[in-house]
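In case you want the letters, here they are:
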Amino acid sequence: MANFDFDQAEGLRRMLAGPKPRIVTFLSATPQDDKGAMLVNLGASLARAGNDVLLVDAGGGEEGVAARLGLQDVASLLDVARQECALNQVIHQVPQGFGVVTMAPSRRLRGAARPDEARRLAKAFDVLVKQTGIVIVDGEFDDEGFPVPVMASSEIVVQVSNSATSIKAAYCMIKRLNHELGRRPFGILVTGASASEAKVVYDNMAQAASRYLAVNLTSMGSVPADEYLHRAARLGRAVVDAFPLAGASVAFRELAGRFALPSGPAFALPGTSGASRGVHWQRGEQPAF
């Protein structure tokens, strides 16, 4: 029999707690420069659509998205955890229209954090994300896992290209995440590929993940290779701002529209079976990635 007193109390707690923070962690099986360009342009597209966007560099270092935006020597969230600065001092607004925060100056420094610092870092991150509409995390999943526990329960999207090396790396990443975090859905974003190429990549990965890992993947769309992306980067601008009619701009606006849906990225989109097209493996055969 249902416990209605418990149900009402739980419902009241959820109402008082407010809406759950929207966090999307991006992992990538593409070069770091490709990942950085994708995150900057997605953030700019979401901001131009009227969303409050915060981009968190959870890796740090010279290759992180913060360094790409000229913010490599600024205070970090780890400094907040060490009580060396206030939370509002680590949020930096960039011309592309969103805020940027660095988790720690480098992965090495983050790993050296004491247990009490790690707890305070997680608490600072929790407070930070509750102040923002959409939080995009430039994430890494290393031997120590994610830097803060909430990233493990966030929406996770894996970026992949249509090269065999990238596809194999993305599949291995999903396999490892499944082993460490348990079975859960993942989004797949294909970049540097046409829509038809991206569909083949996604369908093949989704079929393999479903058959060999019992994991559901969802296509988040694709972004084509586009010279205007590089031109915009050289200008220090987002492609949707500098070249709004470019193919990449159209793709990023569509991608932003999907992520800005009230229910978030739907990891079970209508009409995507996960294995409807592409190469089909025989039962018991391992995918040749």
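As the structure is a prediction and not an experimental result, all values here were calculated from the model.

Draft legend 1. Layout of the overall build of the chain. Of the regular secondary structure elements, the chain holds 11 helices and eight strands. Counting across all 289 residues of the chain, residues that qualify as buried make up 48%. Across the chain, the fraction of contacts at a sequence separation of at least 24, relative to all contacts at a separation of at least 6, is 77%. In the form shown here, the chain has an accessible surface area of approximately 14500 Å², with 52% of it arising from carbon and sulfur atoms.

Draft legend 2. Structural context of the packing of aromatic side chains. Under the defined criterion, the tally for this structure stands at three aromatic pairs. Aromatic pair F26 and F259: ring centres 5.8 Å apart, planes at 40°, arrangement tilted. You can see F26 sitting in strand β1 (residues 22-28) and its partner F259 sitting in helix α11 (residues 247-259), a full 233 residues away along the chain. Seen from their ring centres, Y228 and F243 are 4.8 Å apart, and the 50° between their planes marks the pair as tilted. Residue Y228 is found in helix α9 (residues 227-234), and its partner F243 is found in the loop between α10 (239-242) and α11; the two are separated by 15 residues along the sequence.

Draft legend 3. Local environment of the nonpolar core. Membership of the largest hydrophobic core comes to 50 residues, with the highest contact counts inside it found for L77, M103, F125, I174, I188, M205 and L217. For this core, the element with the most residues is helix α8 (residues 195-213), which contributes eight residues. Those residues in contact with L77 that lie beyond four places of it in its chain are L87, V90, V101, T102, M103, L121, A124, F125 and L128. Listed in part, the 36 residues of the second largest apolar core include F26, V53, A242 and F259.

Draft legend 4. Structural context of the packing of helix α7 (residues 164-181) against α8. With their axes 11 Å apart at the nearest point, α7 and α8 run at an angle of 35° to one another. Crossing geometry of α7 relative to α8 is assigned as right-handed. Residue-level inspection shows I167, A170, Y171, I174, K175 and N178 of α7 in contact with α8, the latter providing V201, M205, A208, A209, Y212 and L213. Among the residues forming the contact of α7 with α8, the class breakdown is 10 nonpolar, one polar and one charged.

Draft legend 5. How the structure looks around the sheet that holds strand β3 (residues 92-93). As summarised here, the arrangement of the eight strands in space is β3-β4-β2-β5-β1-β6-β7-β8, forming an open sheet in which the pairing is mixed. Bordering the open sheet on either side are β3 and β8 (217-223), each of which pairs with just one other strand. α8 contacts β6 (155-160), β7 (186-191) and β8 of the sheet and is inclined by roughly 160° relative to β8.

Parameters and conventions
- Residues numbered from 1 in each chain as written.
- Predicted model: local features only at pLDDT ≥ 70, side-chain atom pairs only at ≥ 80, totals over all residues.
- Heavy atoms only, no water.
- Helix = DSSP H or I, 4+ residues; strand = E, 2+ residues; numbered from the N terminus.
- Buried < 20%, exposed > 50% of the residue type's maximum accessible area, 1.4 Å probe, protein only.
- Contact = heavy atoms within 4.5 Å.
- Areas by Shrake-Rupley, 256 points an atom, 1.4 Å probe, with all protein chains shown as cover.
- Phe/Tyr/Trp six-rings, centres within 6.5 Å; stacked < 30°, edge-to-face > 60°.
- Core = buried A, V, L, I, M, F, W, Y, C linked by side-chain atoms within 4.5 Å.
- Axes fitted to C-alpha atoms, helices over the stretch in contact; angles between N-to-C directions.
- Left-handed = near helix turned anticlockwise from the far one by under 90°.
- Nonpolar A, V, L, I, M, F, W, Y, C, P; charged D, E, K, R; others polar.
- Pairing = 2+ DSSP bridges.

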